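Each chain, written out:
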Number of protein chains: 2
Amino acid sequence: MTDRSQSTDPKPYYEAHVFVCTNDRGEGAKRPSCARRGSEKLRDYMKAQARAGGLANVRINASGCLDRCELGCTIVIYPEGVWYHYDTRADLDEIIETHLKQGKRVERLMLTTEQEELRPEQMPVAAE
Amino acid sequence: MTDRSQSTDPKPYYEAHVFVCTNDRGEGAKRPSCARRGSEKLRDYMKAQARAGGLANVRINASGCLDRCELGCTIVIYPEGVWYHYDTRADLDEIIETHLKQGKRVERLMLTTEQEELRPEQMPVAAE
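Here is a short report on the structure shown in this document.

Here is what the cut-offs are and how they apply
- Residues numbered from 1 in each chain as written.
- Chains lettered and ligands numbered in written order.
- Predicted model: local features only at pLDDT ≥ 70, side-chain atom pairs only at ≥ 80, totals over all residues.
- Heavy atoms only, no water.
- Helix = DSSP H or I, 4+ residues; strand = E, 2+ residues; numbered from the N terminus.
- Rg over C-alpha atoms; globule rule 2.2 N^0.38 Å.
- Buried < 20%, exposed > 50% of the residue type's maximum accessible area, 1.4 Å probe, protein only.
- Contact = heavy atoms within 4.5 Å.
- Areas by Shrake-Rupley, 256 points an atom, 1.4 Å probe, with all protein chains shown as cover.
- Lys, Arg positive; Asp, Glu negative; His and termini not counted.
- Charge placed at Lys NZ, Arg CZ, Asp CG, Glu CD.
- Salt bridge = Lys/Arg side-chain N within 4 Å of Asp/Glu carboxyl O.
- Buried area = accessible area lost by both parts, 1.4 Å probe.
- Polar contact = N/O pair within 3.5 Å; in protein donor to acceptor, adjacent residues only side chain to side chain.
- Least-squares fit on C-alpha atoms with pLDDT ≥ 70 in both.
- Axes fitted to C-alpha atoms, helices over the stretch in contact; angles between N-to-C directions.
- Parallel < 35°, antiparallel > 145°, perpendicular 65-115°, else oblique.
- Left-handed = near helix turned anticlockwise from the far one by under 90°.
- Nonpolar A, V, L, I, M, F, W, Y, C, P; charged D, E, K, R; others polar.

## A few points about the overall build of chain A
Turning to step 1, where the next piece is worked out: Counting its secondary structure elements, chain A contains two helices and four strands.
Turning to step 2, where the next piece is worked out: For chain A, the sequential pattern of α-helices and β-strands runs β-α-β-β-β-α.
Turning to step 3, where the next piece is worked out: The C-alpha atoms of chain A give a radius of gyration of 15 Å, which matches the 14 Å a tight globule of 128 residues would have.
Turning to step 4, where the next piece is worked out: Sorting the 128 residues of chain A into buried and exposed places 50% on the buried side.
Turning to step 5, where the next piece is worked out: For chain A, contacts bridging at least 24 residues in sequence account for 59% of all contacts bridging at least 6.
Turning to step 6, where the next piece is worked out: Accessible surface for chain A amounts to roughly 6500 Å². Of this, 48% is attributable to carbon and sulfur atoms.
Turning to step 7, where the next piece is worked out: The positive charge centre, built from 19 side chains, and the negative charge centre, built from 21, are 5 Å apart in chain A.

Following this line, the structure appears as structure tokens:
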């Protein structure tokens, strides 16, 4: 049940429904885009890891632009509506283990509602 | 708040977040796909109509395969997790007006959790 739910609504089809932005604005766009940061392959990785981890009723979907481009790569997990920034496979492993399996939160990677830029601890490590 | 929420979670970023399946399995696939039923253009229509209708904090996203292909075209609306079948612009108009604006439900088009095929009233009118 959510604030927007009605008592007669069907029970959830997926226990957790994850949407991974894979939008690509193309080269030279004014705003960054998740696909340019590798989100398509990272989404494939997350999907495979969730399946390998036995998360049977969890769906990992690609989505169009989630419109928080400056905070990408981004995902959102419903029905709880929790947003994360991630950069690496290790970040996704942590989200799978801590959020999806344990029902907790990865505070370091979570986005707040008003957040407009990454916090220092969320900044990607510069490529060598 | 949902059953999966925590009291410290940020408030929702979008009031309603709609995902419209635009998956295309290609010709001759064993399962149907929403894009082959026109979902890409219908999603563009829904996005434009929601905007024209002043739904400022509602996001209409395209998504990958929602895996309820036999019930397509399909959408899911979060955080409430309500699923709909639709065929036409008129169906989407009704979902926008009744669900997104009024917070009610379009019973005729709603999918139940266990549903595996369309109900008679949901069957598309045959093309002439």
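## Focus: the pattern of salt bridges
Turning to step 1, where the next piece is worked out: One pass over the full model with this rule turns up 26 salt bridges over all chains.
Turning to step 2, where the next piece is worked out: Notably, a salt bridge pairs B:R105 with A:D9, separated by 2.8 Å at the nearest N-O pair. In this pair, B:R105 is assigned in the segment after α2 (89-101) and A:D9 in the segment before β1 (16-21), connecting two distinct chains.
Turning to step 3, where the next piece is worked out: Connected through shared salt-bridge partners, A:R31, A:D67, A:E70 and B:R59 make up one network.

## Thoughts on the interface of chain B and chain A
Often the size quoted for an interface is simply the accessible area lost on bringing the parts together.
Turning to step 1, where the next piece is worked out: The partner chain A presents 41 residues to the 41 residues of chain B that form the contact.
Turning to step 2, where the next piece is worked out: Across the chain B/chain A interface, buried area totals approximately 3400 Å², and carbon plus sulfur atoms make up 46% of it.
Turning to step 3, where the next piece is worked out: When the buried surface of chain B facing chain A is broken down by residue, B:R4, B:Y13 and B:T113 rank first, second and third, together holding 22% of it.
Turning to step 4, where the next piece is worked out: Where chain B touches chain A, the interface holds ten salt bridges.
Turning to step 5, where the next piece is worked out: The interface formed by chain B and chain A holds 24 residue pairs in polar contact (both at pLDDT 80 or more) in total.

## Quick word on the relation of the copies chain B and chain A
A rotation about some axis, followed by a shift along it, carries one copy of the chain onto the other.
Turning to step 1, where the next piece is worked out: In screw terms, the move from chain B to chain A is a rotation of 180° and a rise of 0.0 Å along the axis, fitting with an RMSD of 0.0 Å. Expressed as an axis order, the relation between the two copies is that of a two-fold axis.
Turning to step 2, where the next piece is worked out: When the interface residues of chain B are mapped onto chain A, 100% of them again fall at the interface, so both copies present the same face.

## A look at unusual backbone geometry
Turning to step 1, where the next piece is worked out: A:C73 follows A:G72 through a cis peptide bond whose omega is 0°.
Turning to step 2, where the next piece is worked out: Residue B:Y78 is joined to B:P79 through a cis peptide bond whose omega torsion reads 10°.
Turning to step 3, where the next piece is worked out: Locating B:P79 in the fold gives a position in the loop between β3 (74-78) and β4 (82-85).
Turning to step 4, where the next piece is worked out: Positive phi is not limited to glycine here, since A:D67 has a value of about 70°.
Turning to step 5, where the next piece is worked out: As for its position among the elements, A:D67 is in the loop between β2 (58-63) and β3 (74-78).
Turning to step 6, where the next piece is worked out: On the basis of relative accessibility, which here comes to 27%, the residue A:D67 falls in the partly exposed class.

## Things to note about α2(B)
Turning to step 1, where the next piece is worked out: What α2(B) keeps buried is the set B:D91, B:L92, B:I95, B:I96, B:T98, B:H99 and B:L100.
Turning to step 2, where the next piece is worked out: Where α2(B) ends, the next residue or the one after it, B:G103, has phi of about 75°, a positive value.

## Some points on the packing of helix α1 (residues 39-52) of chain B against α2(B)
All names here are of chain B.
Turning to step 1, where the next piece is worked out: Following both chains from N to C, one finds α1 and α2 inclined at 40°, their axes separated by 10 Å at the closest point. In terms of their interaxial angle, α1 and α2 are classed as oblique. Helix-helix and strand crossings are classified by hand; for α1 and α2 the assignment is right-handed. The segment α1 lies against α2, with L42, Y45, M46, Q49 and A50 engaging R89, L92, D93, I95, I96 and L100.
Turning to step 2, where the next piece is worked out: Looking at the contact of α1 with α2 residue by residue, the classes come out as eight nonpolar, one polar and two charged.

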